[in-house]
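Coordinate analysis (summary)
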Amino acid sequence: MTTPTRAPLALTPSLLDALTQRLQELMAEHHVPGVAVGLLTPEGPHELCLGVTNVENSLPVTPDTLFQIGSTTKTVTATALMRLVEEGRVDLDAPVRTYLPDLRLMDEDAAARVTVRQLLNHTGGWVGDYFENTGNGDDALARIVANLVHQEQVTPLGEVWSYNNAAFYIAGRVIEVMTGETYEAAARRLVLDPLGMQESFFFQDDVMTRSFVVGHIVKDGQPMVARPWGLGRNTSPAGGLASSVRDQLTYARFHLGDGTTASGERLLTPESMQLMQTPTVSASGGREMGVSWFVRDQGGIRFVQHGGATNGQMSAFVLAPELGFAFTSLTNADHGHFLNQQLEGWVWEHLLNLPPEEPAYLDVEGDMLDEVVGRYLAFGTFGGGMVVSRRGQELELEQMPEDTSAIAETEQDLLPPAPVRFYAPDRMVVTGGVMKGARLEVLRGTDGRVQWLRAGRVMRREQE
């Protein structure tokens, strides 16, 4: 890959004013009560905090306000595991049963052969969106891992990338067994404390004594407080961390570096840092998957990223290692996802001189359109899925209702149907609405017929 010549523009007062104005516009458009944005450039960190923590009990968002970062926590889990790899206690390519000999899955072959690396790159193949609260005890992870024996093996082990929260329950359990500590204690000792992330917490009792946001669900154009606030303890390795924008920039600085902390302590070798950001398998949306990190190239720049979604809180976390640049956005509304996407595009254009990507659409014949029309069913706790319909020579994508009662008291509004077009064979993109730019992939079976639709997770086509 050719090293780009561009560098982040200086964050002049006029650019910061323009960024603030754009953020205010997006907060109003998407009904997001509070946002904390962090930018890290070679000249230092910048924090922009707007709005309130809670529409019912409003306090200002500050750089120390805690947000749930959701699935960006997966990269903390992977960082802790890489420390164990360097200590010689874990091998990424060893079967998980090397460390968890009692691992049981519905598919015995998958249980016997799945490796630690496959946990971290989402190629395990079993149902990933499995959420059940197994209590607040120190055995929470062990209990939910034992329950995975009841979750369907959706795709063959190692053959299809599909986002998998449940795989990180197992990864967290490996950490517990190999350290003799709870996952949370090990993550703090191995990652959070050495990096100086003193405003990042797993337990609600720690969060509730500090400034923190609550999530919000947008209903009829108004943000409503999302309840309950927390997820079960067993989700800690997959998405349980609450953190401040200031701590997120500290975390970004480490993963932009060579494995040393700000104090000069070496946590990982440069080779391990590079390994985490090296693609191992193709993922959805034009991305690839490293060791827990999404990787994509745009305009000659390599981006390494993650993000998270909890009950009414959405976060984004993006690194551009070759530029020494990082962006994070923490929001307290379910529509914060759309704010993050649009704000990211603004930052790329105005700070990195990187214009938005506009895919060239294919002219597709009617038979090819008809091939993908159908209902695609999601797996896991929530159910739901997507419906692809034909409207003349156009396709339309529509959400199916989900049952989120296992983690939320308030049901989210369904997004309106959105137009989609092909931009490559078996590759589609949403061309309008709030989901504009979202990419989907058609996956075929050995007979060449459409079998799956992948939008982060694979969804199986309903048999006619």
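That block above? That's the structure.
The sections below set out a description of the structure shown in this document.

Reading guide: rules and limits
Residues numbered from 1 in each chain as written. Predicted model: local features only at pLDDT ≥ 70, side-chain atom pairs only at ≥ 80, totals over all residues. Heavy atoms only, no water. Helix = DSSP H or I, 4+ residues; strand = E, 2+ residues; numbered from the N terminus. Rg over C-alpha atoms; globule rule 2.2 N^0.38 Å. Contact = heavy atoms within 4.5 Å. Lys, Arg positive; Asp, Glu negative; His and termini not counted. Charge placed at Lys NZ, Arg CZ, Asp CG, Glu CD. Core = buried A, V, L, I, M, F, W, Y, C linked by side-chain atoms within 4.5 Å. Buried < 20%, exposed > 50% of the residue type's maximum accessible area, 1.4 Å probe, protein only. Pairing = 2+ DSSP bridges. Axes fitted to C-alpha atoms, helices over the stretch in contact; angles between N-to-C directions. Parallel < 35°, antiparallel > 145°, perpendicular 65-115°, else oblique. Left-handed = near helix turned anticlockwise from the far one by under 90°. Nonpolar A, V, L, I, M, F, W, Y, C, P; charged D, E, K, R; others polar. 1 Å grid on protein atoms, 1.4 Å probe; cavity = no way out; pocket = protein on both sides within 12 Å on 5 of 7 lines; lining within 4 Å. Points joined across faces, edges and corners; volume = space filled by probe spheres on them. Expected span 1.5 Å × (residues − 1). Bend = angle between axes of the 7 residues up to and from the residue. Phe/Tyr/Trp six-rings, centres within 6.5 Å; stacked < 30°, edge-to-face > 60°. Lys NZ or Arg CZ within 6 Å of the ring centre and 35° of its normal.

1. Notes on the overall build of the chain
Helix and strand counts for the chain stand at 13 helices and 21 strands. In terms of overall size, the chain behaves like a compact globule, its C-alpha atoms giving a radius of gyration of 21 Å where 464 residues would be expected to give roughly 23 Å. Overall size of the chain, expressed as C-alpha extent along the three principal axes, is 60 × 60 × 50 Å. Of the contacts formed within the chain by residues at least 6 apart in sequence, a portion of 64% connects residues at least 24 apart. Put simply, the chain has 36 plus and 59 minus side-chain charges, and the middle of one group is 2 Å from the middle of the other.

2. Observations concerning the nonpolar core
Leu81, Val96, Leu120, Tyr169 and Ile170 are the most contacted members of the largest nonpolar core, which totals 74 residues. Tallying contributions element by element places helix α6 (residues 165-179) first for this core, with eight residues. If we skip the residues at most four places from it in the chain, Ile170 touches Val96, Leu100, Leu103, Leu105, Leu119, Trp126, Val145 and Leu148. In terms of nonpolar packing, the next biggest core, distinct from the first, is built from 29 residues, Val32, Ala333, Leu339 and Leu352 among them.

3. Description of the sheet that holds strand β19 (residues 439-444)
Sheet strands associate in pairs through backbone hydrogen bonding, adopting either a parallel or an antiparallel arrangement. Reading around the circumference, β14-β15-β16-β17-β18-β19-β20-β21 is the order of the eight strands in this closed barrel, with antiparallel pairing throughout. Direction aside, the axes of adjacent strands within the sheet are offset by 35 degrees on average. With four bridges connecting them, strand β17 (residues 418-424) and strand β18 (residues 427-430) associate as antiparallel partners. Bridging from a neighbouring strand, Phe422 pairs with Met428 of β18.

4. Re the packing of helix α1 (residues 13-30) against helix α12 (residues 336-351)
The N-to-C vectors of α1 and α12 enclose an angle of 160 degrees; their axes lie 10 Å apart at closest approach. One way to sum up the angle between α1 and α12 is to call them roughly antiparallel. In this structure, α1 crosses over α12, and the sense of that crossing is right-handed. Contact with α1, carried on its side by Leu15, Ala18, Leu19, Arg22, Leu23, Leu26, Met27, Glu29 and His30, involves Phe338, Leu339, Gln342, Leu343, Trp346, Val347, His350 and Leu351 of α12 and no other residues of that element. For the contact of α1 with α12, the residue count by class is 12 nonpolar, three polar and two charged.

5. Section: unusual backbone geometry
The amide bond that connects Arg227 to the next residue, Pro228, takes the cis arrangement and shows omega of 0 degrees. As for its position among the elements, Pro228 is in the loop between β6 (222-225) and α9 (236-239). In this structure, His122 takes a positive phi of about 65 degrees despite not being glycine. Looking at the element boundaries, His122 is found in the loop between α4 (116-120) and α5 (140-147). Looking at His122, the relative accessible area reads 0%, which means it is buried. Residue Asp426 is not a glycine yet carries a positive backbone phi of 65 degrees. Mapped onto the elements, Asp426 comes out in the loop between β17 and β18.

6. Considering the layout of surface pockets
The calculated volume of the second largest pocket comes to roughly 290 Å³. In terms of lining, the second largest pocket is formed by 19 residues, of which the most central are Phe202, Gln204, Leu231, Gly232 and Arg233. When contributions to the lining of the second largest pocket are tallied by element, the ones reaching two or more residues are α8 (204-207) and α9. Residue composition of the lining of the second largest pocket, by class: eight nonpolar, 10 polar and one charged.

7. Re helix α7 (residues 183-195)
Its 13 residues give α7 an end-to-end C-alpha distance of 17 Å, which sits within 8% of 18 Å, the value for a rise of 1.5 Å per residue. The largest bend along α7 reaches roughly 45 degrees and is located at Arg189. Of all the positions in α7, only Tyr183, Glu184, Ala186, Ala187, Leu190, Val191, Leu192, Pro194 and Leu195 are classed as buried. In this structure, the buried residues of α7 make contact with α2 (73-86), α5, α6, β4 (200-201), α9 and α10 (245-255). Phi turns positive one or two residues past the end of α7, at Gly196, with a value near 80 degrees.

8. Examining the pairing of strand β1 (residues 34-41)
When a strand is regular, its side chains alternate between the sheet's two faces. Burial analysis of β1 places eight of its eight residues in the buried class, the great majority of the element. The side-chain alternation of β1 yields two buried faces, one formed by Gly34, Ala36, Gly38 and Leu40 and the other by Val35, Val37, Leu39 and Thr41. Following β1, the chain reverses through two residues before pairing antiparallel with strand β2 (residues 44-51).

9. Details of α10
The buried fraction of α10 is high, at eight of 11 residues. All of the buried residues along α10 are Val245, Asp247, Gln248, Leu249, Tyr251, Ala252, Phe254 and His255.

10. A closer look at the packing of aromatic side chains
This structure, assessed with the given rule, holds 11 aromatic pairs. Ring geometry for Tyr183 against Phe202: centres 5.4 Å apart, planes inclined by 75 degrees, an arrangement best described as edge-to-face. With a gap of 19 residues between them, Tyr183 in helix α7 and Phe202 in the loop between β4 and α8 connect regions that are remote in the sequence. The pair formed by Tyr183 and Phe202 is uniform in burial state, with each residue classed as buried. Linked through ring pairs, Phe303, Phe325, Phe327 and Trp348 together constitute an aromatic cluster. Positioned over the ring face of Tyr423 is Arg439, at 4.7 Å from the centre of the ring.

11. A word on the side chain of Thr72
Mapped onto the fold, Thr72 is located in the loop between β3 (67-68) and α2. Judged by relative accessible area, Thr72 falls into the buried class, the value being 1%. Beyond its immediate stretch of four places on either side in the chain, Thr72 contacts Gln248, His306, Gly307, Gly308, Ser315 and Phe317.

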